[in-house]
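# Residue-level structure breakdown
Here is how the chains run, residue by residue.
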Amino acid sequence: MRAEGPYAYDEQGRRYADYVMAYGPLLFGHTPPFLGGLDALAARGVVYGSTSPDELALAERIRGHLPSMERLRFTTTGSEAVQSAIRVARAWTGRDAVLKFSGNYHGHFDLALQDAGASAETPHAGGSGIPRAVVGDLAVARYNDLDDVDRLLAMLDGRVAAILVEPVCGNMGLVETVPGFLEGLRARADRCGAVLIFDEIITWLRLGLGGAQARVGVTPDLTTVGKVLGGGFPVAAFGGRAEIMAMLAPDGPAFTGGTHAGMPFGIALGLRVLDYLETHADVLAQTERRARALAASIRASLRALALDYAVLQLASIVDFKFRSGPPTRSYDDQQRDDQRAYAAFYHAMRERGVLLPPSHNEVMFLSTAHGDDDVAFTAGAIEASLRDLRAKGIV
Ligand SMILES: Cc1ncc(COP(=O)(O)O)c(C=O)c1O
């Protein structure tokens, strides 16, 4: 198996136009244009076990784009970044409870998995390996529903340490927030003294250098970033208000750590990713244009079959679900899609040389390596696969 640019190849050498893109990090494709000189990098040492000047430089560059991250710390994975942000929020507030949203995904640690989207499918703690005690400190609200948030906040009665949310959700399909939702979370966090955490692990850089927070104009207390930051190498970070981050050891009592956190490869790639994005605004605009074209052709294919599924596109993300009616607003909507149809579609697309994520909860990620030809090829495969499904009576 190998992968290059926008393509993945199976063991028989068959080529697939890839829209999984490793679930998001590969904004520049499988072989980003800035990978040269990795041997020289390795020759400087593969992991240091201490903070390096490059790490500080990358932290400052990130802060330059996300001013809300006044102080930040690197981790290896997004899961660790979110887990650490929650720990800091708990230390800062002296409280335990966390309010999050069904269908959002924040990583594979216990608390995050309960009622999560993506491939998790763990609606119940019992039997899924999530300790019941963990769920006792957790409330899971409906996305885009401030009444549900209010109901749960009233139940938690001043015990909430953090409100954790994807400001644009990419883990129950693509779901944008309704006007006022994030502002409402900001106001409620302030009112009840909780820390508002934006999980921007998918959105930062994919939606541009200012991330979702610049787009929605709401400032969180803490932010988590990852995925695109490493250009495919494992690096993530959490950070935010300096006074909250001061709870971290050695200044404060909250310990976080990681043998490979801030490892030189990840940090070097982070610097290269920012160098590239800061100097190539045109490639993101071009990718967005291709994503828009793909969404438009999917709409035309659906219309031709009299299917009124919502087709969504934001920056380089494209998504549609096998469900009639308005776009998904919450996980309740998303769970009403036709998973059997999606599974058939997945296989029909694969047969035609296009790789989609196997879970109906995921989205299509375009990269800057996907060209007009790839998009045209994919649009043709979608049209043919939908017709195939119609002929079999699936849609
Ligand atoms: C929004 C979000 N947060 C956190 C994570 C976890 O990141 P990682 O897989 O790097 O642990 C993911 C992964 O898909 C994600 O989509």
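Residues numbered from 1 in each chain as written. Predicted model: local features only at pLDDT ≥ 70, side-chain atom pairs only at ≥ 80, totals over all residues. Heavy atoms only, no water.

## Observations regarding unusual backbone geometry
Residue Pro250 is reached from Ala249 by a cis peptide bond, and omega for that bond is 10 degrees. The residue Pro250 is located in the loop between α9 (242-245) and α10 (264-279) in this model. Notably, Ala22 is not glycine yet its phi reads approximately 55 degrees, a positive angle. Note on placement: Ala22 falls in the loop between β3 (15-18) and α1 (38-42). Backbone geometry at Ala118 places phi at a positive 55 degrees, although glycine is not the residue there. Here Ala118 is to be found in the loop between α4 (110-113) and α5 (132-136). Residue class for Ala118 comes out buried when judged on its relative accessible area of 5%. (Helix = DSSP H or I, 4+ residues; strand = E, 2+ residues; numbered from the N terminus. Buried < 20%, exposed > 50% of the residue type's maximum accessible area, 1.4 Å probe, protein only.)

## Let's talk about the sheet that holds strand β15 (residues 354-355)
With respect to topology, four strands assemble into an open sheet ordered β1-β2-β3-β15, the strand pairing being mixed. Whereas interior strands pair on both sides, the edge strands pair on one side only; in this sheet they are β1 (2-4) and β15. One ladder, built from three bridges, connects β1 with strand β2 (residues 7-9); its direction is antiparallel. Across the sheet, the residue bridging to Ala3 is Ala8, located in β2. (Pairing = 2+ DSSP bridges.)

## Let's talk about helix α6 (residues 146-156)
Because an α-helix completes one turn every 3.6 residues, residues spaced three or four positions apart along the sequence face the same direction. Every buried residue belonging to α6 is among Asp148, Val149, Leu152, Leu153 and Leu156, and all of these are buried. Angular distribution of buried residues about the axis of α6 spans 135 degrees; they occupy a single face of the element. Those residues of α6 that are exposed and angled more than 90 degrees off the buried face are Asp147, Ala154 and Met155. The backbone nitrogen of Asp147 has a side-chain oxygen 3.1 Å away, supplied by the residue at the start of α6, namely Asp145. After α6 finishes, the residue Asp157 shows a positive phi value of roughly 45 degrees. (Arc of directions from axis to C-beta. Polar contact = N/O pair within 3.5 Å; in protein donor to acceptor, adjacent residues only side chain to side chain.)

## Focus: the nonpolar core
Of all hydrophobic cores here, the largest spans 36 residues; its most connected members are Leu294, Phe322, Phe345 and Leu356. Going through the elements one at a time, β3, α11 (281-304), β13 (309-314), β14 (317-324), α13 (339-351), β15 and α14 (372-391) are the ones with two or more residues in this core. Beyond its immediate sequence surroundings of up to four residues, Phe345 is in contact with Phe320, Phe322, Leu356, Ile382, Ser385, Leu386 and Leu389. (Core = buried A, V, L, I, M, F, W, Y, C linked by side-chain atoms within 4.5 Å. Contact = heavy atoms within 4.5 Å.)

## Thoughts on α10
Compared with the 22 Å implied by 1.5 Å per residue over 16 residues, the 23 Å span of α10 between its first and last C-alpha is a close match. Most of α10 is tucked away, with 12 of its 16 residues classed as buried. Turning to α10, its buried residues number three or more, namely Pro264, Phe265, Gly266, Ile267, Ala268, Leu269, Gly270, Leu271, Val273, Leu274, Tyr276 and Leu277. Structurally, α10 contributes buried residues whose contacts are with α1, α2 (53-65), β4 (71-75) and α11. (Expected span 1.5 Å × (residues − 1).)

## With respect to the site of the ligand
Taken together, the residues surrounding the ligand are Thr77, Gly78, Ser79, Tyr105, His106, Gly107, Glu166, Asn171, Asp199, Ile201, Ile202 and Lys227. The separation between an oxygen atom of the ligand and a polar main-chain atom of Gly78 is 2.9 Å. In this structure, Tyr105 approaches the ligand through a main-chain N or O atom, which is 3.3 Å from a nitrogen atom. Taken together, the residues that form the shell around the ligand break down as three nonpolar, six polar and three charged. (Near = heavy atom within 4 Å. Nonpolar A, V, L, I, M, F, W, Y, C, P; charged D, E, K, R; others polar.)

## Describing the environment of Ser316
Here Ser316 shows up in the loop between β13 and β14. Exposure remark for Ser316: the relative accessible area of 3% places this residue in the buried category. Residues Ser316 and Thr287, 29 residues apart in the sequence, show an inter-C-alpha distance of 6.0 Å. The residues touching Ser316, leaving out its near neighbours within four places in the chain, are Leu27, Arg206, Thr287, Ala291, Met364, Phe365 and Leu366. There is a polar contact of 2.7 Å between the side chain of Ser316 and the side chain of Arg206.

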